[in-house]
Amino acid sequence: MPIDSPNAYRSTSEGPADAGGDRVIKDAVGNVLADGDTVTVVKTLKVKGSPTGIKAGTKVRNIRLVDGVDGHDIDCKVDGFGAMQLKSSVVKKV
């Protein structure tokens, strides 16, 4: 009888939609970002353990969108720094 229940049907149909698959991440100027995009850093960023930071204008290729901690929703490799996570609010899509 649980199969005929309207609540059971509703919960199974809403489950995948609530999983976060329709999440939209936008850059600093409002462009929608996707996996594999190339972005540019719009402001100089300080990096722990490095005497120099990531300068504004640094190009980052092949980004990956993730559910990060504290708003860090881009996983990428930055030339000269290695793998790190960035906030979408500090990048602009190229």
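Everything numeric here is computed off the predicted structure, so don't read it as measured data.

Conventions and cut-offs
- Residues numbered from 1 in each chain as written.
- Predicted model: local features only at pLDDT ≥ 70, side-chain atom pairs only at ≥ 80, totals over all residues.
- Heavy atoms only, no water.
- Pairing = 2+ DSSP bridges.
- Helix = DSSP H or I, 4+ residues; strand = E, 2+ residues; numbered from the N terminus.
- Core = buried A, V, L, I, M, F, W, Y, C linked by side-chain atoms within 4.5 Å.
- Buried < 20%, exposed > 50% of the residue type's maximum accessible area, 1.4 Å probe, protein only.
- Contact = heavy atoms within 4.5 Å.
- Lys, Arg positive; Asp, Glu negative; His and termini not counted.
- Salt bridge = Lys/Arg side-chain N within 4 Å of Asp/Glu carboxyl O.
- Polar contact = N/O pair within 3.5 Å; in protein donor to acceptor, adjacent residues only side chain to side chain.

Caption draft 1: Structural view of the sheet that holds strand S4 (residues 74-78). Overall, antiparallel pairing links the three strands, which are arranged S3-S4-S5 in an open sheet. Strand pairing shows two members of the sheet lacking a second neighbour, strand S3 (64-65) and strand S5 (82-86), which therefore form its edges. One ladder, built from five bridges, connects S4 with S5; its direction is antiparallel. Its bridge partner lying in S5, Ile74 is registered against Leu86.

Caption draft 2: Up close: the sheet that holds strand S1 (residues 39-41). Read across the sheet, three strands follow the order S2-S1-S6 without closing on themselves; strand pairing throughout is antiparallel. Looking at strand neighbours, the two that pair on one side only are strand S2 (59-60) and strand S6 (91-93), the edges of this open sheet.

Caption draft 3: Structural view of the nonpolar core. In this structure, Leu33, Val60, Ile63, Ile74, Cys76, Leu86 and Val91 are the most contacted members of the largest nonpolar core, which totals 16 residues. Those elements that provide at least two residues to this core are S1, S4 and S5. In terms of residue count, the dominant contributor to this core is S4 (three residues). If we ignore the near neighbours within four places in the chain, the residues touching Val60 are Asp37, Thr38, Val39, Val41, Cys76, Lys77 and Val78.

Caption draft 4: Local environment of the side chain of Asp27. By the secondary structure assignment, Asp27 is in the loop between helix H1 (6-14) and S1. We note that Asp27 is buried and unpaired, the nearest opposite charge coming from Lys93 at a distance of 7.4 Å. Engagement of the side chain of Asp27 in a polar contact is seen with the backbone nitrogen of Gly30, the distance being 2.9 Å. Here the side chain of Asp27 touches Asn31 through a polar contact of 2.6 Å, landing on its backbone nitrogen. Sequence-distant contacts of Asp27, that is, excluding residues within four places in its chain, are made with Leu33, Ser88, Val91, Lys92 and Lys93.

Caption draft 5: The pattern of salt bridges, seen in detail. Overall, the coordinates contain three salt bridges when judged by the stated rule. Salt-bridge contacts for Asp75 lead to Arg64; the nearest nitrogen and oxygen are separated by 2.4 Å. Remark: Arg64 occurs in strand S3 and Asp75 occurs in strand S4; sequence separation between them is 11 residues. Take Arg64: its relative accessible area is 45%, and that puts it in the partly exposed class.

Caption draft 6: Structural context of the pairing of S4. For S4, the tally of buried residues reaches four of five residues, placing the bulk of the element in the interior. Pairing of S3 with S4 involves two bridges; the strand directions are antiparallel. In the sheet register, Leu65 faces S4, and the bridge partner there is Ile74. The antiparallel pairing of S4 with S5 creates a hairpin that spans three residues between the two strands, and Gly80 there sits at a positive phi of about 90°.

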